[in-house]
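Structure assessment
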Amino acid sequence: MLAIAEKVDPAFAHDVLSGLAQDPPAVPARWFYDEAGSRLFDDITRLPEYYPTRTELSILGRAIPEIAEAVGEGRAVVDYGAGSQTKTPVVLEGIRPALYAPVDISGTHLRDSAATLSKRFPDLPILPIEADFTKPFPLPAEIGEHPRLGFFPGSTIGNLVPMSAVDLLRSFRQTLGSGALLLIGMDRVKAPERLVTAYDDAAGVTAAFNLNLLHRINRELEGDVPVEDFAHEARWNAAQSRIEMHLVAQRDVTFTVRGQPFSFAKGSSIHTENSHKYTAESARVLLLAGGWTPLREWTDPENDFALLLARA
Ligand code: AVJ
């Protein structure tokens, strides 16, 4: 029991207990990614309905010669979110950086992906940085004086409300310094039906991903949430240009988490994720507000997803 209790992140307990008591109730999306959740997200990226991952990879594959030309050789690549096993190798192969610095909050994930990459790029110096990149952090001196390229793929920026996204872009600019470039992936606004389908797939994988949060609360926080009484819902919020994921109570429900009681009336929900979508224009405005000047953008033929290159 103690071994399990020891693994519980106090920040998880705090975010769940205060988030469920909030009006409207909400738990930050970062808590999806325990072991089961990370596996489910991996499955999501292969779903026919979930276009972002494969679209971004194909844009990157086609654009990499132009990206390499714009970026130049000998940069230090700072990879926020530590290494997609598919996208990062395309970038490293294409631009021939002087150094690769993956940043991740999980030391285990960081070491695993660094080990995999060093097999494929034996001559590339790799400098793993264990940090929460949502807060400003200094780059270690070992990174040297190479001009930097920040890499922030996957539309992860979309999880943040624009105010927080701007803060994050500003802090990237601060840490990467003058002369830095940023290569960032952003999902595009498109027909709401397609967006909702991408976040509510026929096989129910995204539903399982969303509901896993409740299982995690039960496993790690002594919860007795009746998971079967909640249903996954993906909603398009047009005013805020985002997909929202919710867990909707299917009847009046009461439960406890760490002894604290909660009640949800039938039809009320726990808001579990925002995934903001940008137009070509709003993406550029977001970058500018964050202190980055957009230089170029690459999209797929359907204009479903965009990779943007910007300079500090
Ligand atoms: C990893 C945040 C980019 O918002 O599309 C996928 C997460 N949630 N399906 C996204 C997610 C449901 C994903 N990001």
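Below or above, wherever it landed, is the structure these notes cover. For clarity, every value in this text was computed on a predicted model and none was experimentally measured.

Parameters at a glance
- Residues numbered from 1 in each chain as written.
- Predicted model: local features only at pLDDT ≥ 70, side-chain atom pairs only at ≥ 80, totals over all residues.
- Pairing = 2+ DSSP bridges.
- Helix = DSSP H or I, 4+ residues; strand = E, 2+ residues; numbered from the N terminus.
- Contact = placed C-beta atoms within 7 Å.
- Axes fitted to C-alpha atoms, helices over the stretch in contact; angles between N-to-C directions.
- Core = buried A, V, L, I, M, F, W, Y, C linked by C-beta atoms within 7 Å.
- Buried ≥ 20, exposed ≤ 12 C-beta atoms within 10 Å, placed from the backbone.
- Right-handed = clockwise from strand over helix to strand, strands pointing away.
- Parallel < 35°, antiparallel > 145°, perpendicular 65-115°, else oblique.
- Left-handed = near helix turned anticlockwise from the far one by under 90°.
- Nonpolar A, V, L, I, M, F, W, Y, C, P; charged D, E, K, R; others polar.
- Expected span 1.5 Å × (residues − 1).
- Arc of directions from axis to C-beta.

1. Description of the sheet that holds strand 1 (residues 76-80)
- One open sheet accounts for seven strands, arranged 3-2-1-4-5-12-11; its pairing is mixed. This sheet does not close on itself; its edge strands, each paired only once, are strand 3 (129-130) and strand 11 (293-299).
- Sheet topology places strand 11 next to strand 12 (residues 305-311); six bridges connect them, and they run antiparallel. In the sheet register, Thr-299 faces strand 12, and the bridge partner there is Ala-306.
- Set on the sheet, helix 6 (residues 107-120) makes contact with strand 2 (99-104) and strand 3; between it and strand 2 the angle comes to about 150°.

2. A look at the sheet that holds strand 10 (residues 269-276)
- With antiparallel pairing, three strands are arranged side by side in an open sheet as 6-7-10. Every other strand in the sheet has two partners, leaving strand 6 (230-237) and strand 10 as the edge strands with one partner each. Between one strand and the next, the sheet's axes are offset by a mean angle of 20°, whatever the strand orientation.

3. A word on the nonpolar core
- The biggest cluster of nonpolar side chains holds 42 residues, and the ones touching the most others in it are Val-77, Val-78, Phe-151, Leu-181, Leu-182, Leu-183 and Leu-308.
- In contact with Val-77, not counting residues within four places along its chain, are Val-91, Pro-97, Tyr-100, Ala-101, Leu-149 and Phe-151.

4. Things to note about unusual backbone geometry
- At the junction of Asp-23 and Pro-24, the peptide bond is cis and its omega measures out at 0° in the coordinates.
- Counting through the fold element by element, Pro-24 comes out in the loop between helix 2 (10-21) and helix 3 (35-44).
- One non-glycine residue, Arg-96, adopts positive backbone phi at about 50°.
- Along the chain, the position of Arg-96 falls in the loop between helix 5 (87-95) and strand 2.

5. Description of the pairing of strand 4 (residues 148-152)
- Across the five residues of strand 4, five count as buried, placing the element largely inside the fold.
- Going residue by residue along strand 4, you find Arg-148, Gly-150 and Phe-152 tucked away on one face and Leu-149 and Phe-151 tucked away on the opposite face as well.
- Across four bridges, the pairing between strand 1 and strand 4 is parallel. Opposite Val-78, over in strand 4, you have Gly-150 as the bridge partner.
- Looking at chain direction, strand 4 and strand 5 (residues 181-187) are connected through four bridges and run parallel. Residue pairing for strand 5: Gly-150 is matched across the bridge by Leu-182.
- Where the polypeptide runs from strand 4 across helix 7 (residues 162-176) and back to strand 5, its parallel neighbour, the crossover connection is right-handed.

6. Here's the deal with the packing of helix 4 (residues 52-71) against helix 5
- Where helix 4 meets helix 5, the axes come as close as 9 Å, and the angle between the chain directions of the two elements is 25°. Considering their axes alone, helix 4 and helix 5 lie roughly parallel with respect to each other. At the point where helix 4 passes helix 5, the crossing takes the right-handed sense. Facing Glu-56, Leu-57, Leu-60, Gly-61, Ile-64, Ile-67, Ala-68 and Val-71 of helix 4, the residues of helix 5 in contact are Lys-87, Val-90, Gly-94 and Ile-95.
- Grouping the constituent residues of the contact of helix 4 with helix 5 by class yields eight nonpolar, two polar and two charged.

7. Focus: the packing of helix 7 against helix 10 (residues 280-289)
- Direction vectors running N to C along helix 7 and helix 10 enclose 50°, while the axes themselves pass 8 Å from each other. Between helix 7 and helix 10, the angle falls in the class oblique. Contacts between helix 7 and helix 10 involve Pro-162, Ala-165, Val-166 and Leu-169 from the former and Leu-286, Leu-287 and Ala-289 from the latter.
- Taken together, the residues of the contact of helix 7 with helix 10 break down into seven nonpolar, no polar and no charged.

8. Quick notes on the pairing of strand 7 (residues 242-249)
- The pairing of strand 6 with strand 7 spans eight bridges and is classified as antiparallel. Within strand 7, the residue paired with Asn-237 across the bridge is Arg-242.
- The pairing of strand 7 with strand 10 spans seven bridges and is antiparallel. Considered in strand 10, the bridge of Met-245 is made with Glu-273.

9. Description of helix 7
- In this model helix 7 runs 21 Å from its N-terminal to its C-terminal C-alpha over 15 residues, within 8% of the 21 Å that 1.5 Å per residue would give.
- The complete set of buried residues in helix 7 reads Ala-165, Leu-169, Phe-172 and Leu-176. Mapping the buried residues of helix 7 onto a view down its axis gives an arc of 55°, with all of them on the same face.
- The inward-facing, buried residues of helix 7 contact strand 1, strand 4, strand 5 and helix 10.

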